[in-house]
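Read off the chains here:
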Amino acid sequence: MIFITGGAGFIGGNFVHHWFERLAKLGLPPEPVLVFDKLTYAGNPLTIKVHLEAGRATLIQADIADRDAVRAALAQHQPRAILHFAAESHVDRSIHGPGEFIHTNMVGTFCLIEEARAYWGALPAADKAAFRFLHVSTDEVYGSLSDTDPAFNETTAYAPNSPYSASKAGSDHLVRAYHHTYGFPTLTTNCSNNYGPYHFPEKLIPLMILNALDGKPLPVYGDGLNVRDWLFVRDHCEAICQVLEKGRLGETYNVGGKNEVKNIDVVTTICRKLDALRPKATGQYEDQITYVTDRPGHDRRYAIDPSKIEREIGWQPAETFTSGIDKTVQWFLDNTEWIDSVRSGAYRDWLNTNYQSRVA
Ligand code: NAD
Ligand code: DAU
């Protein structure tokens, strides 16, 4: 079985779906998963309900920084691999309150990897040789590109600019050091911006879809010309499966779909899709676009050079930005139960914290 931290979040939850669908397509039995998740505001068991109810997935609600809980879960479930998705993941939240990011992304990763190393060290030789610890990280550790800089590759120097990316960079360095020092069997992936089903609506794409449908302003930070390199979440999940199977120990793999898009173009694309699928009584969704005060320290451009994972692993994304955004907008139109479940009082508090003080 495999042990998935953060498996009730956006990418971890999609990964659980992808894992079972992939095994079924390959004609393989459903290897069970243990989801180890603190269920913060970003974790939602509804995302993986179908697998929990079918008994293929088990959920333990606990903090990766709770070493006793990690140790007990490893001893009980005896995984062959740990896939580490759990993190505080939103840049704006890290600007308002960095403490949680240090706790989970750095201290939490340390606690998890220490317990994982002890567990791995005591495995019989064959299980020890087969064991993997795959750390899911981000392209934000590389900092910001100008319009003409080449895309990030695996040798680009780290230059994190936000408390979020600094805490992820710290966790990447720990993982690297555990391989180098202890021979611990690590793999690291650094991926670009994901989007798709179950995306928590604090992030650009789901926020814009839901604000548009609610008739609210669409808050574009700064001049709207920042660039992100978008990857449909299932393409990221498939990359993780392939790196787990074929990745070289101690290596890092950059994951991206060569879909660089300016923020304002992302927002207008969403507006036009909604105009077609759910037209307004009067006017167009673009009328709701509002330029607001920029994010402090806002990275200008991210772009991933995925040639290493393409060459060594043979991974290629299946979706373009056009096909992926179509699926995403349709999913948010169709899944009101899930959307209602995440728009709690705490979510509304966050919208007030982040947007009330931004000047239009
Ligand atoms: P998310 O915020 O949607 O989900 C994070 C999950 O981790 C939640 O289920 C939450 O409950 C859980 N969690 C948080 N703190 C925890 C703790 N202390 N102990 C146990 N569980 C905890 O994040 P996401 O967007 O799904 O990102 C998953 C991973 O992928 C993160 O490591 C992130 O840095 C990385 N990543 C994200 C993107 C992206 O575009 N979203 C891109 C590249 C890499
Ligand atoms: O690059 C990978 C990273 O992508 C992940 O590591 C992070 O976990 C993930 O949150 C994401 O970070 P970003 O900061 O790029 O994503 P976000 O959706 O918050 O913002 C995308 C862009 O849109 C960014 O330039 C800021 C802008 N933005 C965002 C919000 C929420 C707006 O203009 N308005 C908004 O309201």
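Residues numbered from 1 in each chain as written. Chains lettered and ligands numbered in written order. Predicted model: local features only at pLDDT ≥ 70, side-chain atom pairs only at ≥ 80, totals over all residues. Heavy atoms only, no water.

### Observations concerning the packing of aromatic side chains
Here is step 1 of the chain: Across all of its chains, the model carries 23 aromatic pairs by this definition.
Here is step 2 of the chain: Centroid distance F101 to Y164: 6.3 Å. Interplanar angle 80°. Geometry classified as edge-to-face. Separated by 63 residues along the polypeptide, F101 in helix α5 (residues 99–121) and Y164 in helix α7 (residues 163–182) bring together distant segments of the chain.
Here is step 3 of the chain: On the basis of relative accessible area, F101 is assigned to the buried category, the value being 2%.
Here is step 4 of the chain: For Y164, a relative accessible area of 8% corresponds to the buried category.
Here is step 5 of the chain: Aromatic rings pair up to connect Y119, W120, F131, F133 and F184 into one cluster.
Here is step 6 of the chain: For R93, the ring lying beneath its charged end belongs to Y41, and the centroid distance is 3.6 Å. (Phe/Tyr/Trp six-rings, centres within 6.5 Å; stacked < 30°, edge-to-face > 60°. Helix = DSSP H or I, 4+ residues; strand = E, 2+ residues; numbered from the N terminus. Buried < 20%, exposed > 50% of the residue type's maximum accessible area, 1.4 Å probe, protein only. Lys NZ or Arg CZ within 6 Å of the ring centre and 35° of its normal.)

### Some words on empty space enclosed by the protein
It is the rolling of a water-molecule-sized probe over the atoms that shows where space remains empty.
Here is step 1 of the chain: A complete count under the given rule lists two cavities of 30 Å³ or more for this structure.
Here is step 2 of the chain: By volume, the second largest cavity is sized at about 40 Å³.
Here is step 3 of the chain: Surrounding the second largest cavity, V91, E140, S162, R228, R295, G297, H298, D299 and Y302 form its lining.
Here is step 4 of the chain: In the lining of the second largest cavity, the residues fall into two nonpolar, three polar and four charged. (1 Å grid on protein atoms, 1.4 Å probe; cavity = no way out; pocket = protein on both sides within 12 Å on 5 of 7 lines; lining within 4 Å. Points joined across faces, edges and corners; volume = space filled by probe spheres on them. Nonpolar A, V, L, I, M, F, W, Y, C, P; charged D, E, K, R; others polar.)

### Describing helix α12 (residues 321–334)
Here is step 1 of the chain: Taking 1.5 Å of rise per residue, the 14 residues of α12 would be expected to cover 20 Å, and the 20 Å separating its terminal C-alpha atoms lies within 8% of that figure.
Here is step 2 of the chain: Within α12, the full set of buried residues consists of F321, G324, I325, T328, V329, W331, F332 and L333.
Here is step 3 of the chain: If you follow the buried residues of α12, they end up packed against β7 (194–195), α8 (204–213), β10 (231–232), β12 (260–262), α10 (263–277) and α13 (336–342). (Expected span 1.5 Å × (residues − 1). Contact = heavy atoms within 4.5 Å.)

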